[in-house]
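Observations on the model geometry
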Amino acid sequence: MEMFLALLVSGSVVALVLVGLFVFGLRRRLIQRSGGTFDCSLRWNTPEEPDTSGKGWVYGVARYSGDRIDWFRVFSYAPRPRRVLERSAIEVLSRRAPEGEEELALLSDHCILGCAHRGTRLELAMSEDALTGFLAWLEAAPPGQRVNVA
């Protein structure tokens, strides 16, 4: 009887893990379904001076959605974006390469873009290709919208 109970508990744990991984993968597929996504780490509410400690970075996926970018944490089950960045409110402040411990916290080919969004300083880390697309998207704002790209 004890053996049966142990097998039942073990089987239930394995089944729960598999269901969790399936839902995790399904969520990522649904986010990417509409296209216009790119890997993008985010650090929210950063100091004015660059912090190269590597702390605060969260790995995510960003998705273009009209005049905004929806940012989703990769390691989450939430169906809604964690952050929404409106094109008209994004101000690009700086661009730099990862330094120190940041090189370990971020993907190897990513560069860091310092930005402000509605008075909050943040940093986005993305590949050079994604950065080119992001800056083009910012500059392609409809006529009359203010866009600040350094």
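No experiment lies behind these values; they were computed from the predicted model shown.

Before going further, it helps to examine the nonpolar core. Note on soluble globular proteins: their nonpolar side chains tend to be buried together. Core analysis: the largest hydrophobic core is formed by 21 residues, its most contacted members being Phe 38, Leu 124, Met 126 and Phe 134. Residue assignment for this core shows that the elements contributing at least two residues are strand 4 (68-73), strand 6 (90-96), strand 7 (110-117), strand 8 (120-127) and helix 3 (128-139). The contacts of Phe 134, once residues within four sequence positions are left out, are Phe 38, Tyr 64, Ile 69, Ile 90, Leu 113, Leu 124 and Met 126.

Moving on, we get to the packing of aromatic side chains. Applying the stated criterion across every chain yields a total of 3 aromatic pairs. A centroid spacing of 6.1 Å and a plane angle of 35 degrees characterise the contact between Phe 134 and Trp 137, whose relative ring orientation is tilted. Residue Phe 134 and its partner Trp 137 are located together in helix 3, separated by 3 residues, close to a single helical turn. Residue classification places Trp 137 among the buried residues on the basis of a relative accessible area of 11%. In textbook terms, an aromatic cluster arises when at least three aromatic residues are bridged by ring pairs, as seen for Phe 38, Tyr 64, Phe 134 and Trp 137. The positively charged end of Arg 83 is found above the aromatic ring belonging to Trp 44, 4.0 Å away from the centroid.

Positive phi, close to 60 degrees, is recorded for Asn 45, a residue that is not glycine. Checked against the element boundaries, Asn 45 lands in the loop between strand 2 (41-44) and strand 3 (60-65). Of note in this structure, Arg 118 is not a glycine but carries a positive phi near 50 degrees. Note that Arg 118 resides in the loop between strand 7 and strand 8. The class of Arg 118 is exposed, set by a relative accessible area of 57%.

Right, let's talk about the pairing of strand 4 for a bit. Relative to strand 4, strand 3 is paired through 6 bridges, and the arrangement is antiparallel. Note on strand 4: the bridge partner recorded for Arg 63 is Asp 70. Here strand 3 folds back onto strand 4 in antiparallel fashion, the turn holding 2 residues, of which Gly 66 has a positive phi close to 70 degrees. One ladder, built from 4 bridges, connects strand 4 with strand 5 (residues 83-86); its direction is antiparallel. Bridged to Trp 71 within strand 5 is Arg 83.

Our focus in this paragraph is the sheet that holds strand 2. Within a sheet, adjacent strands bond to each other through the backbone by hydrogen bonds, running parallel or antiparallel. Overall, antiparallel pairing links the 4 strands, which are arranged 2-8-7-6 in an open sheet. Both outer strands of the open sheet, strand 2 and strand 6, are each paired with one neighbouring strand and no more. When the angles between neighbouring strand axes are averaged without regard to direction, this sheet yields 25 degrees. Pairing of strand 7 with strand 8 involves 8 bridges; the strand directions are antiparallel. Within strand 8, the position partnered with His 117 by the bridge is Thr 120.

Okay, the pattern of salt bridges next. Summed over all chains, the structure comprises 10 salt bridges. Linking Arg 43 and Asp 51 is a salt bridge whose minimum nitrogen-to-oxygen distance equals 3.6 Å. Between Glu 102 and Arg 43 there is a salt bridge, with the nearest N and O atoms lying 2.8 Å from each other. Here the residue Glu 102 occupies a position in helix 2 (residues 102-105), and Arg 43 occupies one in strand 2, the gap between them amounting to 59 residues. For Arg 43, a relative accessible area of 4% translates into the label buried. Shared partners join several salt bridges into a network, and the residues in it are Arg 43, Asp 51, Arg 96, Glu 102 and Glu 123.

Reading the values: the criteria
- Residues numbered from 1 in each chain as written.
- Predicted model: local features only at pLDDT ≥ 70, side-chain atom pairs only at ≥ 80, totals over all residues.
- Heavy atoms only, no water.
- Core = buried A, V, L, I, M, F, W, Y, C linked by side-chain atoms within 4.5 Å.
- Buried < 20%, exposed > 50% of the residue type's maximum accessible area, 1.4 Å probe, protein only.
- Helix = DSSP H or I, 4+ residues; strand = E, 2+ residues; numbered from the N terminus.
- Contact = heavy atoms within 4.5 Å.
- Phe/Tyr/Trp six-rings, centres within 6.5 Å; stacked < 30°, edge-to-face > 60°.
- Lys NZ or Arg CZ within 6 Å of the ring centre and 35° of its normal.
- Pairing = 2+ DSSP bridges.
- Axes fitted to C-alpha atoms, helices over the stretch in contact; angles between N-to-C directions.
- Salt bridge = Lys/Arg side-chain N within 4 Å of Asp/Glu carboxyl O.

All quantities given are derived from atomic positions and should not be read as evidence of function.
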